[in-house]
Amino acid sequence: MTKPAKPRRRFWRYLLRALLVWFVITELLVLSLRWIPPITSAVMIERWVGARLHGDSRYRTDYHWVPWRAVSPWAPLAMVASEDQTFPSNWGFDFGEIKDAIDAADHGARLRGASTITQQTAKNLFLWDGRSYVRKGIEAYFTVLLTLNLPKQRILTIYMNIAELGNGVFGVAAASRVNFAKPPSRLTPREAALLAATLPNPHIFHANRPSPYVLRRAAWIEQQMRQLGGPSYLPK
């Protein structure tokens, strides 16, 4: 009567070992980002594979890492003002924003995103596009790892370097050159706001050819940057 229990114990033992290996590998991977810039991201790989599958042999990934000190402070501030104004103080999740999004959906509005910059960094680095509970669960796991292992400034540095800001254009260095023909260290508040305004859909919106929507959103972002107190609001 006790024999059936042995396969079950073996299953749970293997599962626990697999989970331990998964945790160790992902923990070391995230911890290494404290010092080592990512050479690519899941989104970059997904875009490249998608282009090849659609026969676009001309697609190129334009990505060049730049350290925090080589970027105008207006660029990360614009992203914080646009995407996650509680970033300096939240713990990877903005529960107030999540509650507001759920309440709005309960009243008939379309369920909108409530992702923080840390969540978006986790998604861009490690995950695929799409909406599912499995993907959101893995995103939450990596969000916790990023929050526990990396300083806020490092998370924001990674985010502004891997954010998709055009077709094949990733990060502020590539976006500054493509859109304004200048290095990211020379971005003005207006130019930084224009780049951040394209983040909802960088395949449609363009910082160097702004639509009326992008112009309105950029103006709003500039206003928020001033209200937040300027670059001093950024994490040290």
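Everything in this summary refers to the structure shown in the same document. (Residues numbered from 1 in each chain as written. Predicted model: local features only at pLDDT ≥ 70, side-chain atom pairs only at ≥ 80, totals over all residues. Heavy atoms only, no water.)

Description of the overall build of the protein chain
Now for step 1: The secondary structure content of the protein chain amounts to 10 helices and 3 strands.
Now for step 2: Of the regular secondary structure in the protein chain, the N- to C-terminal order runs α-α-β-α-α-α-α-α-β-β-α-α-α.
Now for step 3: When the backbone C-alpha atoms are referred to their principal axes, the protein chain occupies close to 75 × 45 × 40 Å.
Now for step 4: Among the 236 residues that make up the protein chain, the fraction classed as buried is 44%.
Now for step 5: Carbon and sulfur atoms make up 63% of the accessible area of the protein chain, which amounts to about 13300 Å² in all.
Now for step 6: Here the protein chain contributes 31 positively and 16 negatively charged side chains, and the mean placements of these two sets differ by 9 Å. (Helix = DSSP H or I, 4+ residues; strand = E, 2+ residues; numbered from the N terminus. Buried < 20%, exposed > 50% of the residue type's maximum accessible area, 1.4 Å probe, protein only. Areas by Shrake-Rupley, 256 points an atom, 1.4 Å probe, with all protein chains shown as cover. Lys, Arg positive; Asp, Glu negative; His and termini not counted. Charge placed at Lys NZ, Arg CZ, Asp CG, Glu CD.)

Focus: the packing of aromatic side chains
Now for step 1: As enumerated under the stated definition, the model contains 6 aromatic pairs in all.
Now for step 2: Here the aromatic rings of Phe-11 and Trp-12 are separated by 5.2 Å at their centres, their planes lie at 70°, and the arrangement is edge-to-face.
Now for step 3: Exposure remark for Phe-11: the relative accessible area of 48% places this residue in the partly exposed category.
Now for step 4: What links up through ring pairs into an aromatic cluster is the set Trp-22, Phe-126, Tyr-141 and Phe-142.
Now for step 5: Just above the ring of Phe-87 sits the side chain of Lys-152; from NZ or CZ to the centre is 4.4 Å. (Phe/Tyr/Trp six-rings, centres within 6.5 Å; stacked < 30°, edge-to-face > 60°. Lys NZ or Arg CZ within 6 Å of the ring centre and 35° of its normal.)

Description of the sheet that holds strand β3 (residues 169–170)
Now for step 1: As summarised here, the arrangement of the 3 strands in space is β1-β3-β2, forming an open sheet in which the pairing is mixed. In the strand order of this sheet, the two ends are held by β1 (62–63) and β2 (164–166), each with one partner.
Now for step 2: Direction of pairing for β2 relative to β3: antiparallel, over a ladder of 2 bridges. Along β3, the bridge assignment pairs Gly-166 with Val-169. (Pairing = 2+ DSSP bridges.)

Section: the nonpolar core
Now for step 1: The biggest cluster of nonpolar side chains holds 55 residues, and the ones touching the most others in it are Val-172 and Ile-221.
Now for step 2: Apart from the residues lying within four places of it in its own chain, the contact partners of Ile-221 are Ala-78, Ala-81, Ser-82, Ala-193, Ala-196 and Ala-197. (Core = buried A, V, L, I, M, F, W, Y, C linked by side-chain atoms within 4.5 Å. Contact = heavy atoms within 4.5 Å.)

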